[in-house]
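# Commentary on secondary and tertiary structure
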Amino acid sequence: MKGIAVIGTSMLDLVVQPRQSLVMESCNKSQITMSFGGSMHNVAWNCAALGLETHFVSKFGRDETGLAIINELQKKTAFVYGPVVDQDTPVFIDVQADPQGMFFSSIRPEFLFDQHDDLPYCVLRECRWGITDQADDGFLRRLLTQTPDTRWIFSGMIPADCWWSRFTGIVVNRQEMASFAGSRPMADAARDLLKKGLSWLIITLDKEGVLLIDNQGIHPFAAPGEGAYPLGCGDAFCSGLLYGLNQGLTPEQSITPAQQAAHLVLQTPAALCEDIVQLREMKDEEKH
């Protein structure tokens, strides 16, 4: 088995950086950066840029943006599958303002996957690793039944407990883990996941680094450096993690390329960064 399966949404990202503090009900002068996005789209784009055999399944808007997203992924040599929805491509807007930013999304249910969607399972079941952020129970039941040998990672939230034993790993950020844990300490909530069959859980902590939690304990990793643009860093992290896992590294060993990928994206306003290919170059240098 080889290849990476990625399933999720495709969008248009708009990053708005005001030149001064925002003033409500006023025209605020801003710098706007536009790029293709969607969390799983970004993972697929990064994985393809890193030279992985990448199979991306999404739903695309019936407009020029939807077609351009497909064409750009194919230029990265990703294999692209999925229906075209009779709507414009969804837009994600990130307003980066102090002290807190604002986020807007025009995503509609028609762009999300459910049990009625027919995926290319003949391809997906041949992939060594897969990742998704689609949480519909019917979709997950069909996906995991049809791809029994693919090791799946869930990203962006903790799915329903009936799926914990069916996923190899879960990647969430601090806020997503806190939402799941509620009043419990996050470590206790993580142990509950492992007791139900999950192999490992990764919690990203921004400037404080990363926690990898498995049956051997809690493994902290310091952040490799700082940057000013967090949009897309979690997606890059997942891409670097998949890059390491696909090379046969353990989850603990794969944290290094995952953090390196996230650090590269931290340096640019857009969620996608061509510099992520440096990860592949570093790996080639290690071989020599």
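Below, the structure is looked at part by part. (Residues numbered from 1 in each chain as written. Predicted model: local features only at pLDDT ≥ 70, side-chain atom pairs only at ≥ 80, totals over all residues. Heavy atoms only, no water.)

This paragraph deals with the overall build of the protein. When its secondary structure is counted, the protein shows nine helices and 15 strands. Over its C-alpha trace the protein gives a radius of gyration of 18 Å, about what one expects of a compact globule, namely 19 Å for 288 residues. Its C-alpha atoms give the protein principal-axis dimensions of roughly 55 × 50 × 40 Å. Considering only contacts in the protein between residues 6 or more positions apart, those separated by 24 or more positions represent 62%. A total of about 13800 Å² of accessible surface is found on the protein, and carbon and sulfur atoms cover 50% of it. Here the protein contributes 23 positive and 35 negative side-chain charges, whose respective centroids are spaced 4 Å apart. (Helix = DSSP H or I, 4+ residues; strand = E, 2+ residues; numbered from the N terminus. Rg over C-alpha atoms; globule rule 2.2 N^0.38 Å. Contact = heavy atoms within 4.5 Å. Areas by Shrake-Rupley, 256 points an atom, 1.4 Å probe, with all protein chains shown as cover. Lys, Arg positive; Asp, Glu negative; His and termini not counted. Charge placed at Lys NZ, Arg CZ, Asp CG, Glu CD.)

As a further point, take the nonpolar core. Of all hydrophobic cores here, the largest spans 45 residues; its most connected members are I153, W200 and I202. Mapped by element, the contributors of at least two residues to this core are β1 (4-7), α1 (39-49), α2 (64-75), β10 (129-132), β13 (200-204), β14 (210-214), α7 (233-246) and α8 (251-265). In terms of residue count, α7 provides more of this core than any other element does, eight residues in total. When sequence neighbours within four positions are dropped, the list of residues in contact with I153 reads W129, G130, I131, T132, F167, G169, V171, W200, L241, L242 and L245. Among the nonpolar cores identified, the runner-up in size contains 31 residues, and I7, W152, F154 and L193 belong to it. (Core = buried A, V, L, I, M, F, W, Y, C linked by side-chain atoms within 4.5 Å. Buried < 20%, exposed > 50% of the residue type's maximum accessible area, 1.4 Å probe, protein only.)

On to the side chain of K76, then. For K76, the location among the structural elements is in the loop between α2 and β6 (79-81). When residues no more than four places from it in sequence are discounted, the contact partners of K76 are W45, A48, A49 and E274.

Mapped onto the secondary structure, R191 falls in helix α6 (residues 186-195). The sequence separation of R191 and L249 amounts to 58 residues, and the corresponding C-alpha distance is 23 Å. A polar contact of 3.0 Å, which involves the side chain of R191, links it to the side chain of D188. (Polar contact = N/O pair within 3.5 Å; in protein donor to acceptor, adjacent residues only side chain to side chain.)

Within a sheet, adjacent strands bond to each other through the backbone by hydrogen bonds, running parallel or antiparallel. Here we have four strands laid out as an open sheet, ordered β3-β2-β8-β9, and mixed in their pairing. Sheet topology places β3 (30-37) and β9 (102-105) at the edges, where each strand pairs with a single neighbour. Neighbouring strand axes in the sheet, compared pairwise and without regard to direction, differ in orientation by 15 degrees on average. Strand direction decides the pairing type here: strand β8 (residues 91-95) and β9, joined by four bridges, are antiparallel. Across the sheet, the residue bridging to V95 is M102, located in β9. Across the sheet, α1 touches β2 (11-18) and β3, and the angle it forms with β3 is around 70 degrees. Strands β2 and β3 of the sheet are contacted by α2, whose axis makes an angle of about 65 degrees with β3. (Pairing = 2+ DSSP bridges. Axes fitted to C-alpha atoms, helices over the stretch in contact; angles between N-to-C directions.)

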